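Tertiary structure, described
These are the residues of each chain, in order.
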Amino acid sequence: MLSKKLQDALNEQIKNELYSGYLYLAMSAYFEANNLPGFAHWMRVQAAEEQDHALKFFDFIVDRGGRVVLQAIDQPPVEFSSPLAVFETTLQHEQKVTGLINALYELAVAENDYPAQVMLQWFINEQVEEEKNATQIVETLKMIGEKGQALIMLDRELGQRGKE
Ligand SMILES: [Fe+2]
Ligand SMILES: [Fe+2]
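Residues numbered from 1 in each chain as written. Chains lettered and ligands numbered in written order. Predicted model: local features only at pLDDT ≥ 70, side-chain atom pairs only at ≥ 80, totals over all residues.

Focus on the overall build of the chain
The condition is simple: Every helix listed is a DSSP run of H or I at least four residues long, and every strand listed is a run of E at least two residues long, numbered separately from the N terminus. We call two residues in contact whenever the C-beta atoms placed from their backbones are within 7 Å.
For the chain, the count of helices and strands is five helices and zero strands. Across its three principal axes, the chain shows a C-alpha extent of roughly 55 × 30 × 25 Å. In the chain, the proportion of contacts linking residues at least 24 apart, taken out of those at least 6 apart, comes to 77%.

This is how it looks when you write it as C-alpha cells:
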C-alpha cells in the first residue's frame, strides 16, 4: 500500500509531467507560428512523451491501490525570443524535473517503498536522456547560429523525429 505522503507526491508529479507536456506544446505552437515545422514536430512528439510520463505515474498509483487526484495546470509561456532560447528553457526545465524525480526517489527510500523505487529508476534513466537531447540541440543551435540554411537543415532533421 502506498503511504499517503508518497501518494500525494506522485499525484503532484502527474501535474508536473502534464505541465511539461503543456510547456512543450506551447513551444510547438511558437515554432508553428515562426515557420519552423520540423522544430514544431519535435516539440509535439516531446509533449506526447510527457503525457505518457504522467500516465505512468497515474497507472502506478492505481496499481498500488491509491487514488489519483488531478490538479490544476499552470498556463505555459506564449512567446520565446528565439529557437536557442526555447531549447535553453527546455534544458533548464528538464534539469528541474531531474531534481523532482530525485526527490521522489529519496522519498520512496525514506518510506521503504521498493516498488516505487523500481518504477522511479525508469525515470532516473529517462532524465539522463532528456538532458542529453536538450543539451545536444542547444549546442547545435549555438554552433550554427539562428538564421539561414543550417537552421533550415536542422528543422528538417528534427522533423524526422519518430519517423525513422
Ligand atoms: Fe517527463
Ligand atoms: Fe524522453
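Observations regarding the environment of Leu6
Take Leu6: it is sitting in helix α1 (residues 4–33). In this structure, the C-alpha to C-alpha distance between Leu6 and Ala108, residues 102 residues apart in sequence, is 6.9 Å. Excluding anything up to four places from it in sequence, Leu6 contacts Leu107, Ala108, Glu111, Asp113 and Ala116.

Regarding unusual backbone geometry
Which entries qualify depends on this criterion: Partly exposed residues are those falling between the two cut-offs: more than 12 but fewer than 20 other C-beta atoms within 10 Å of their own, whereas 20 or more means buried and 12 or fewer means exposed, with C-beta atoms placed from the backbone.
At Asn35, a position not held by glycine, the phi torsion is positive, near 55 degrees. Relative to the elements of secondary structure, Asn35 occurs in the loop between α1 and α2 (37–63). Backbone geometry at Asn112 places phi at a positive 55 degrees, although glycine is not the residue there. Topologically, Asn112 is positioned in the loop between α3 (83–110) and α4 (114–144). Taking the C-beta count within 10 Å as the criterion, Asn112 has 9 such neighbours and is therefore assigned exposed.

Some words on α4
Quick reminder of the rule: Expected span of a helix, by definition, is 1.5 Å for each gap between consecutive residues, and there is one gap fewer than residues.
In a regular helix each residue adds 1.5 Å, so 31 residues correspond to 45 Å; α4 covers 46 Å between its end C-alpha atoms and thus fits that length. Looking at α4, one finds that the buried residues are Ala116, Met119, Leu120, Phe123, Glu130, Ala134, Ile137 and Leu141. As for α4, its buried residues are in contact with α1, α2 and α3. Two residues or fewer after α4 comes Gly145, characterised by a positive phi angle close to 75 degrees.

Observations regarding the environment of Leu2
By the secondary structure assignment, Leu2 is in the segment before α1. Using a count of 21 C-beta atoms within 10 Å as the deciding quantity, one classes Leu2 as buried. As for Leu2 and Phe60, which are separated by 58 residues in sequence, their C-alpha atoms are 9.9 Å apart. When near neighbours in sequence (up to four residues on either side) are disregarded, Leu2 contacts Gln7, Ile61, Arg64 and Gly66.

Some remarks on the nonpolar core
Test applied: A set of buried Ala, Val, Leu, Ile, Met, Phe, Trp, Tyr and Cys residues, joined to one another through C-beta atoms within 7 Å, is what we call a nonpolar core.
Among the nonpolar cores identified, the biggest contains 33 residues, and Met27, Phe31, Phe39, Met43 and Leu120 are the most heavily contacted of them. Elements with a minimum of two residues in this core: α1, α2, α3, α4 and α5 (149–158). A per-element tally of this core places α1 first, with ten residues. Met43 has contacts with Tyr24, Met27, Ser28 and Phe31, leaving out every residue within four places of it along the chain.

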